[in-house]
Amino acid sequence: MPFSAQIYPLLVSSPGDAGEDAGLVIDATLRWNVIYGKQFNASVMPLHWTSHAAAEYGIRPQESINEQLVEDAEIVIALFWHRLGSDTGKAESGTVEEIEEAHKRGAHVAVLRCMRDIPSSDLDAEQAKNLDTYLLGIRDKALVLEYNDDNGLRQHVEAILTHAVSASSAQAEAEVTTSPPLESDEPPAQVWPGLERREAVKTDSKGQVKTQNRWFLKLSNTGKEPAMHVKYVLEPDGEGVVPEDFEGDRELEVLPPGGESETQLHLHSGVASQARCTVTWEDSGGKHENVGSLRFF
């Protein structure tokens, strides 16, 4: 079904050495739109100068990019690896200038650094030193997060977009509010555990049809704000042990409002008839936890 959405232009900024990761950020953004777009009534539009800037003569190149892309960006993800980039005449590099210009205009700016091994043939000692110096200089005004692989970068992008869109939505709601909200002790996010049983139909080697119960642990956010760093712990409530979790010890980076996450459980001999599930998460109000009972039989 179609739905209305607020468009958020996202500028992906990087020196040339992090160009491949810029493509990963774009892919992760499109994935975020599919998974979270409807829930947030939002669509993030990724932009990169190699694909979305038009050639222009008679103006400083970086200034042209600023006018075409930076001025309208509401979110900026800046990627660094082992190079800072080339001086633009106004800043130490194009990426640095884009960071400063976007921040000055009120955009949500996030800086990430890749920690993959650097091929010796690509290493420029001066560039690496310039980058270290720059990142050290901004540490009092920027939380610079690192990533070691593609999956780590995708997780950062998902968290950045959710945080930026949530903050923008909250600000918009505050601007149109005509009366103060009622005070409440309830956390902005509310994550509760639940249990769901499903019957799976299987045919054995003799052609006989059999049904098999499958159990799933479900985490649901019934609050009005995304829950961050969601974790859970299962403990037996009585004699026996807890079911095995096919996912293992997994932390859910983001669970949006109205969102659900499920994990299949393996019930085996000796499993307790009831378990206690403790869920912890973080939101703008701090750290929270809920405890629920799960009955398996």
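Quantities reported herein were computed from a predicted structural model and do not represent experimental measurements. (Residues numbered from 1 in each chain as written. Predicted model: local features only at pLDDT ≥ 70, side-chain atom pairs only at ≥ 80, totals over all residues. Heavy atoms only, no water.)

Moving on: the overall build of the protein. Within the protein, the secondary structure is distributed over six helices and 13 strands. In the protein, which comprises 297 residues, the proportion classed as buried is 42%. Within the protein, contacts between residues separated by at least 24 positions form 71% of all contacts whose residues are at least 6 apart in sequence. Accessible area of the protein: about 17,400 Å², with a carbon and sulfur share of 48%. (Helix = DSSP H or I, 4+ residues; strand = E, 2+ residues; numbered from the N terminus. Buried < 20%, exposed > 50% of the residue type's maximum accessible area, 1.4 Å probe, protein only. Contact = heavy atoms within 4.5 Å. Areas by Shrake-Rupley, 256 points an atom, 1.4 Å probe, with all protein chains shown as cover.)

Our next topic: the sheet that holds strand 1 (residues 6-13). Read from one edge to the other, the open sheet built from five strands follows the order 2-1-3-4-5, with strand pairing classed as parallel. On the outer flanks of this sheet lie strand 2 (42-47) and strand 5 (145-147), each paired with one strand and no other. Put simply, the sheet's adjacent strands are angled 25° from each other on average, direction ignored. Sheet topology places strand 4 (residues 108-114) next to strand 5; three bridges connect them, and they run parallel. Looking at the pairing, leucine 112 lines up with leucine 145 of strand 5. Against the sheet, helix 1 (residues 19-40) engages strand 1, strand 2, strand 3 (75-80), strand 4 and strand 5, with an angle of about 170° to strand 2. (Pairing = 2+ DSSP bridges. Axes fitted to C-alpha atoms, helices over the stretch in contact; angles between N-to-C directions.)

Moving on: the confidence of the model for the protein. On average, residues of the protein score 85 in pLDDT, and 87% of them are at 70 or above. Looking at the elements of the protein, mean pLDDT is at its lowest for strand 9 (residues 244-245), recorded as 75, and at its highest for strand 3, recorded as 96. In this model, residues 173-182 is a region of pLDDT below 50 whose contacts with residues beyond four sequence positions or in other chains number zero contacts. (pLDDT = per-residue confidence, 0-100.)

Glancing now at the packing of aromatic side chains. Here the distance between the centres and the angle between the planes together describe a pair of aromatic rings. Enumeration according to the criterion identifies four aromatic pairs in this entry. Pairing tryptophan 32 with tyrosine 36 gives two aromatic rings, centres 5.7 Å apart and planes at 50°, and the pair type is tilted. Placement of the pair is tryptophan 32 and tyrosine 36 together in helix 1, with a separation of four residues, close to one helical turn. Site record: aromatic cluster; members linked through ring pairs are Trp32, Tyr36 and Phe40. (Phe/Tyr/Trp six-rings, centres within 6.5 Å; stacked < 30°, edge-to-face > 60°.)

What tends to happen in soluble globular proteins is that the nonpolar side chains get buried as a cluster. With 30 residues, the main nonpolar core has Leu10, Val25, Trp32, Ile77, Leu79 and Leu153 as its most contacted residues. Of all the secondary-structure elements, those providing two or more residues to this core are strand 1, helix 1, strand 2, strand 3, strand 4 and helix 6 (150-176). With residues near it in sequence (within four places) discarded, valine 25 still touches Leu10, Val12, Ile77, Leu79, Leu153 and Val157. By size, the runner-up hydrophobic cluster in this structure holds 19 residues, among which are Ala189, Val191, Leu217 and Phe296. (Core = buried A, V, L, I, M, F, W, Y, C linked by side-chain atoms within 4.5 Å.)

In this structure, histidine 108 sits in strand 4. For the pair histidine 108 and leucine 10, spaced 98 residues apart in sequence, the C-alpha to C-alpha distance is 9.4 Å. Contact partners of histidine 108, with chain neighbours within four places excluded, come to Glu74, Ile75, Val76, Ile160, His163 and Ala164.

Now for the packing of helix 3 (residues 61-70) against helix 4 (residues 94-104). The N-to-C vectors of helix 3 and helix 4 enclose an angle of 45°; their axes lie 11 Å apart at closest approach. As far as their axial angle goes, helix 4 and helix 3 are oblique. When the axes of helix 3 and helix 4 are compared, the crossing they make is right-handed. Here Gln62, Ile65, Asn66 and Val70 of helix 3 lie close against helix 4, whose contacting residues are Gly94, Glu97, Glu98, Glu101 and Ala102. (Parallel < 35°, antiparallel > 145°, perpendicular 65-115°, else oblique. Left-handed = near helix turned anticlockwise from the far one by under 90°.)

Time to look at the side chain of serine 220. Looking at where serine 220 falls in the secondary structure, it is placed in strand 7 (residues 209-221). Only 3.4 Å separates the side chain of serine 220 from the side chain of glutamate 260, close enough to count as a polar contact. If we skip the residues at most four places from it in the chain, serine 220 touches Gln190, Val191, Trp192, Leu255, Gly259 and Glu260. (Polar contact = N/O pair within 3.5 Å; in protein donor to acceptor, adjacent residues only side chain to side chain.)

The next thing to look at is the pairing of strand 11 (residues 260-266). On strand 11, burial follows the alternation: Ser261, Thr263 and Leu265 on one face are buried, whereas Glu260, Glu262, Gln264 and His266 on the facing-out side are not. Pairing of strand 9 with strand 11 involves two bridges; the strand directions are antiparallel. Each bridged residue has a counterpart across the sheet, and for aspartate 245 the counterpart in strand 11 is leucine 265.

Along its length, helix 1 shows its largest kink, about 45°, at valine 34. Every buried residue of helix 1 is accounted for by Asp21, Ala22, Leu24, Val25, Ala28, Thr29, Trp32, Asn33, Tyr36, Gly37 and Phe40. Asparagine 41 lies just past helix 1 and shows a positive phi near 50°. (Bend = angle between axes of the 7 residues up to and from the residue.)

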